[in-house]
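Coordinates in review
What follows is each chain in one-letter form.
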Amino acid sequence: MTRTHLNKLALTLALTASGAAFAIDFYNKGNEPGRPFSLAVRAGDYVFVSGQLGTGPGGLVKGFDAQARQAMDNIATILKGYNLGMNDVVKCTIMIADMAKWDDFNKVYVTYFKPERLPARSAFGANALALGGEVEVECMAYAPRR
């Protein structure tokens, strides 16, 4: 993330905290009814994508690699709802139920980004994830308003 992006993020957060008015958009296309969160929220020049599990139309897919791919595909689909792509992602947070699979996740993860455009990232182990998932990914994308 460049200094300009960090400054804009700091300003966005400061404006949010101070109650200054700017458009906030909640995206829920495809979200199952009754879930207590939005799939994504746009605040200022940033889109915050909620943690995505490896779930498809039939529920949680089987196998770690398949779940990792499905979680990343879910993020890409949500970003398309804002006319964004994976190249717009600037930060990801990864939660893995078994940190021994960290390298396995990385093999999947890097296929979604250009080598010179890898987002900033944090990864940590979790003793349990929703729905019995093996991996969950949340992202933040830079989407300057034109």
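Residues numbered from 1 in each chain as written. Predicted model: local features only at pLDDT ≥ 70, side-chain atom pairs only at ≥ 80, totals over all residues. Heavy atoms only, no water.

Another point: unusual backbone geometry. In this structure, Asn83 is a non-glycine residue whose phi angle is positive, near 60°. Relative to the assigned elements, Asn83 resides in the loop between helix H2 (64-80) and strand E6 (89-96). At Leu131, a residue that is not glycine, the phi angle is positive and equals roughly 60°. Note that Leu131 resides in the loop between strand E7 (120-125) and strand E8 (135-142). (Helix = DSSP H or I, 4+ residues; strand = E, 2+ residues; numbered from the N terminus.)

With respect to the helices, strands and loops of the structure, Asn106 is situated in helix H3 (residues 102-109). Take Asn106: its relative accessible area is 18%, and that puts it in the buried class. Side chain to side chain, Asn106 and Arg121 meet in a polar contact 2.7 Å long. (Buried < 20%, exposed > 50% of the residue type's maximum accessible area, 1.4 Å probe, protein only. Polar contact = N/O pair within 3.5 Å; in protein donor to acceptor, adjacent residues only side chain to side chain.)

Of all the residues in H3, the buried ones are Phe105, Asn106, Val108 and Tyr109. Buried residues along H3 cover an arc of 160° about the axis, so they all sit on one side. (Arc of directions from axis to C-beta.)

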